[in-house]
Amino acid sequence: MPPTQAESVIKNIIREIGQECATHGEIASETVVAFMVKAVVLDPSNGFNMDRTLIKSDVQKLVKLCVARLLDSKNPSLDTIKMQVYFDMNYTSREDFLEEHHRVLESRLGAISREITDNRACAREELESLYRKIVSYVLLRSGLGSPTDIKIVREATAALQSVFPQAELGTFLTLSKKDKERQLKELTMIVTGIRLFNRDCGKGGEGIDDLPAILHEAIPTTTQHIDSQLQIAQDQAFRYTAILEKVSKNPLMTKELEPYMLKEALYNIRQYEIFLQTVLSDIITCAQEVEMMIKQLAAQLEQLKMIVKSKTAVPTSQVFPIFIALASLWMSFQDETVLISVLSNLTTNLELFLGTHELLFPEKVIHGLLDDVTVKSDMARIKEHMDERVHLPDFRKMDWFFPETTANFDKLLIQYRGFCGYTFASTDGLLLPGNPSIGILKHKEKYYTFSTRDAAYSFAENPERYINLIKEKAKKNAELIQLLELHQQFETLIPYSQMRDVDKHYIKPITKCENSTQTDTHILPPTTVRSYEWNEWELRRQAIKLANLRQKMTRSVQTDLSHMRRENSSQVYPLKEVGTQSKRDGNSGVPRPQIFIAGLRGGKTKTTHGVKVNLTRAVDET
């Protein structure tokens, strides 16, 4: 059958089952119905062949079985499936929730933001209307009061006018759309910071709830409620486990308790416990974040007071960043408030899926079954076998990990959510906590823990046998797929909330690492004085030598033997060229001396008489 045709057939089956349940007064969501269809098809006792196309009789049989299971009000398995679907549809991680929350806020502000950024106001009345819209935007985005309360609007308008007067609207309208949006967000942060500072000083803060105080009170209350619910769930799980241990040792009691569906009730309460622990972990993270933010808020307000004090004018470059930081902190308080509220509602709604326990197991029935039975907690069971260890020489071809030899021992993802796989397979569904101290077995890149050393040895002899037994058990009880995290065996049933966590299955243990240690031979610098001499005669000899050297002169003689033996070179510093620059060029010309002596060649007389004639020109003629 083509995929599109198969999808339409499945949708029709789901729709028909939903309508059939509605006629009997039971409203089931499409997600629950789809999960139930998959569970019925997977159960081998129902006889559906996954390899062949469903015929009309198969579809009728499937619809009938699904409707019967969905209408069974005393079935813990149905409650567990509904609980898993509800949690998967309503729970998101802290990061995803905050991201989605901010996206929703942005979408709600989209309309008023477009009204402001697309505005082409010119007249005075239009500009005033635009300014009022900006005030409304600031209030809606900050979440500090209603834009219909006149007192809050006046306070926000005054704060906005101090940083963005109405006269600047003309400049604002000339900006591009992105710049307008950016400036609106920045103005919101600054106005929010101003209002928070005024509230702290007792000069404003109309309509602003004291979120730090509210969270400081709400978080412990919510935590205490979840702790109490968790304790009740664990006590009930411990009692069911003790009864099932007693039943596993007495086969005659198995048929007597089969109608009570004790194992299904254990799966239900264990799943509830796991969900509560997930929510509690998120609330503890919230508490840590809030505690840190309260300190940051006090520090920011104190710094702002130190800057402002009694000054009439303060540079915006100093206070605006602090106002923005204050607003950002306050918005984080708002996020934590919404998150705590959602988690609290989620916890309350999870209690609705525990109704079958009071119907099937009232206190009288439980007390009767607990005769001669010791109820043990998970921690007590772990402590009982804390000293047991797997001996590595017994398993030459298998990898075992222990706390002292594995760096990330606590971060390894244990199969079956930490429960003992051998006990679950050998007792047909009993859940006992695994004890990592006994040793963690690695088999095909997966890690397993066991409740006792004997269970570890038995499982290690033939792991595939017990893994297949657990898989077959999960086909009969589909709620085990999520409870024991068997999504890799049933990939089509991976919850949406865990799709992005699949990579976590590949965390590898760190058992070896490269270490090196460097030791300095001499940590401190040496203090030995090399020039020290203890012998006074040696000192005297050195003194005489130095005294003699002062009176000596070094001479050098070059002989025929030493001639041209080596090259000598000397280093000199060349003369520096010096020049002077004046405002105007000047020069002077001195006449060249020209003296002529006449009569040197002789004449008519024998005696030569020289006549000296000075032909040098005068200075003023040059």
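Residues numbered from 1 in each chain as written. Predicted model: local features only at pLDDT ≥ 70, side-chain atom pairs only at ≥ 80, totals over all residues. Heavy atoms only, no water.

The chain is annotated in an unreviewed UniProt entry as Cilia- and flagella-associated protein 206 from Peromyscus maniculatus bairdii. What UniProt records for the chain under Sequence similarities (unreviewed entry) is the sentence "Belongs to the CFAP206 family." Annotation of the chain in UniProt includes, under Subcellular location (unreviewed entry), the sentence "Cytoplasm, Cytoskeleton, Cilium axoneme". (UniProt positions renumbered as here; feature names shortened; annotations may be inferred.)

Student: What's the story with the overall build of the chain in this structure? I'm lost.
Tutor: Looking only at helices and strands, the chain features 21 helices and 5 strands. For a compact globule of 622 residues, the expected C-alpha radius of gyration is about 25 Å, and the chain comes in at 47 Å, more than 25% above that figure. The dimensions of the chain, computed from C-alpha atoms along their principal axes, are 175 × 95 × 65 Å. Buried positions account for 37% of the 622 residues belonging to the chain. Taking all contacts inside the chain whose residues are at least 6 apart in sequence as the whole, residues at least 24 apart take part in 72%. With an accessible surface of roughly 40400 Å², the chain has 52% of that area assigned to carbon and sulfur atoms. A gap of 13 Å separates the mean positions of the 79 positive and 80 negative side-chain charges of the chain. (Helix = DSSP H or I, 4+ residues; strand = E, 2+ residues; numbered from the N terminus. Rg over C-alpha atoms; globule rule 2.2 N^0.38 Å. Buried < 20%, exposed > 50% of the residue type's maximum accessible area, 1.4 Å probe, protein only. Contact = heavy atoms within 4.5 Å. Areas by Shrake-Rupley, 256 points an atom, 1.4 Å probe, with all protein chains shown as cover. Lys, Arg positive; Asp, Glu negative; His and termini not counted. Charge placed at Lys NZ, Arg CZ, Asp CG, Glu CD.)

Student: Which parts of the structure should I look at to understand the packing of helix α6 (residues 124–142) against helix α7 (residues 150–163)?
Tutor: The description of two packed helices rests on the angle between their axes and on the distance between the axes. It is the contact of α6 with α7, at a shortest axis distance of 10 Å, that shows an interaxial angle of 105°. Taken as axis vectors, α6 and α7 run roughly perpendicular relative to one another. Residues Y131, I134, V135 and L139 of α6 form the contact with α7, whose participating residues are I152, V153, A156, T157, L160 and Q161. Split into classes, the residues belonging to the contact of α6 with α7 amount to 8 nonpolar, 2 polar and no charged. (Axes fitted to C-alpha atoms, helices over the stretch in contact; angles between N-to-C directions. Parallel < 35°, antiparallel > 145°, perpendicular 65-115°, else oblique. Nonpolar A, V, L, I, M, F, W, Y, C, P; charged D, E, K, R; others polar.)

Student: I'm lost on the sheet that holds strand β1 (residues 399–401) in this one. Help?
Tutor: In sheet architecture, strand pairing relies on hydrogen bonds along the backbone and comes in two forms, parallel and antiparallel. An order of β1-β2-β3 is seen for the 3 strands of this open sheet, with the pairing classed as antiparallel. With one partner strand each, in any of the chains shown, β1 and β3 (446–448) form the two edges of the open sheet. Between one strand axis and the next, the sheet turns through 30° on average, direction left out of account. As judged from the 3 bridges shared by β1 and strand β2 (residues 440–443), these two strands associate in the antiparallel manner. Each bridged residue has a counterpart across the sheet, and for W400 the counterpart in β2 is L441. (Pairing = 2+ DSSP bridges.)

Student: Mind showing me how you'd approach the nonpolar core here?
Tutor: What tends to happen in soluble globular proteins is that the nonpolar side chains get buried as a cluster. With 119 residues, the main nonpolar core has I134, F164, W400, F450 and L484 as its most contacted residues. Those residues in contact with L484 that sit more than four places away from it in its chain are Y416, R417, F419, F424, L431 and I470. V33, V37, V63 and I81 belong to the second largest nonpolar core, which has 23 residues in total. (Core = buried A, V, L, I, M, F, W, Y, C linked by side-chain atoms within 4.5 Å.)

Student: Can you help me understand a nonpolar patch on the surface in this one?
Tutor: On the surface, F596, V611, V613 and L615 cluster together to form a nonpolar patch covering roughly 340 Å² of accessible area. Within the secondary structure, F596 sits in strand β4 (residues 595–598). The class of F596 is partly exposed, set by a relative accessible area of 47%. (Patch = residues over 30% accessible without salt bridge, like charges linked within 9 Å, V, L, I, M, F, W, Y side chains within 5 Å. Salt bridge = Lys/Arg side-chain N within 4 Å of Asp/Glu carboxyl O.)

Student: What should I look at first to understand the packing of helix α5 (residues 94–117) against helix α13 (residues 316–350) in this one?
Tutor: Look at α5 against α13: their axes get within 11 Å of each other, and the N-to-C directions meet at 115°. Considering how the two elements wind past one another, α5 and α13 form a crossing that is right-handed. Residues R94, F97, L98, H101 and H102 of α5 lie in contact with α13, whose contacting residues are D335, E336, V338, L339 and V342. Of the residues contributing to the contact of α5 with α13, the split by class is 5 nonpolar, 2 polar and 3 charged. (Left-handed = near helix turned anticlockwise from the far one by under 90°.)

Student: Would you mind going over the packing of aromatic side chains with me for this structure?
Tutor: Within a pair of aromatic rings, the relevant descriptors are the distance that separates the centres and the angle that separates the planes. Scanning the model with the defined rule gives 19 aromatic pairs in all. Between the aromatic rings of F320 and F323, the centroid separation amounts to 6.5 Å while the plane-to-plane angle is 45°, which identifies the pairing as tilted. In this pair, F320 and F323 are both assigned in helix α13, 3 residues apart and thus about one turn of the helix distant. Aromatic rings pair up to connect F395, W400, Y416, Y422, Y448, F450, Y457, F459 and Y466 into one cluster. (Phe/Tyr/Trp six-rings, centres within 6.5 Å; stacked < 30°, edge-to-face > 60°.)

Student: Sorry, what's going on with the domain arrangement of the chain here?
Tutor: It is common to report an interface's size as the accessible area lost on association of the parts. Domain assignment breaks the chain into domain 1 (5–71), domain 2 (119–201), domain 3 (211–370) and domain 4 (381–489). Here the C-alpha centre of domain 3 lies 35 Å away from the C-alpha centre of domain 1. (Domains from an automatic or database assignment.)

Student: Would you take a moment to explain the pattern of salt bridges for this structure?
Tutor: Pairing between side chains of opposite charge can happen when the charged atoms of each approach one another. Tallied over the full model, the rule gives 24 salt bridges. A salt bridge links K133 to E115; its shortest N-O distance comes to 3.6 Å. Residue K133 is located in helix α6, and its partner E115 is located in helix α5; the two are separated by 18 residues in the primary sequence. For K133, a relative accessible area of 25% gives the class partly exposed. When its relative accessible area of 42% is taken as the criterion, E115 is described as partly exposed. Taking the shortest distance from any N to any O, the salt bridge between D200 and K305 comes out at 2.9 Å. With a gap of 105 residues between them, D200 in helix α9 (residues 177–201) and K305 in helix α12 (residues 262–308) connect regions that are remote in the sequence. Accessibility expressed as a relative area gives 34% for K305, which makes it partly exposed.

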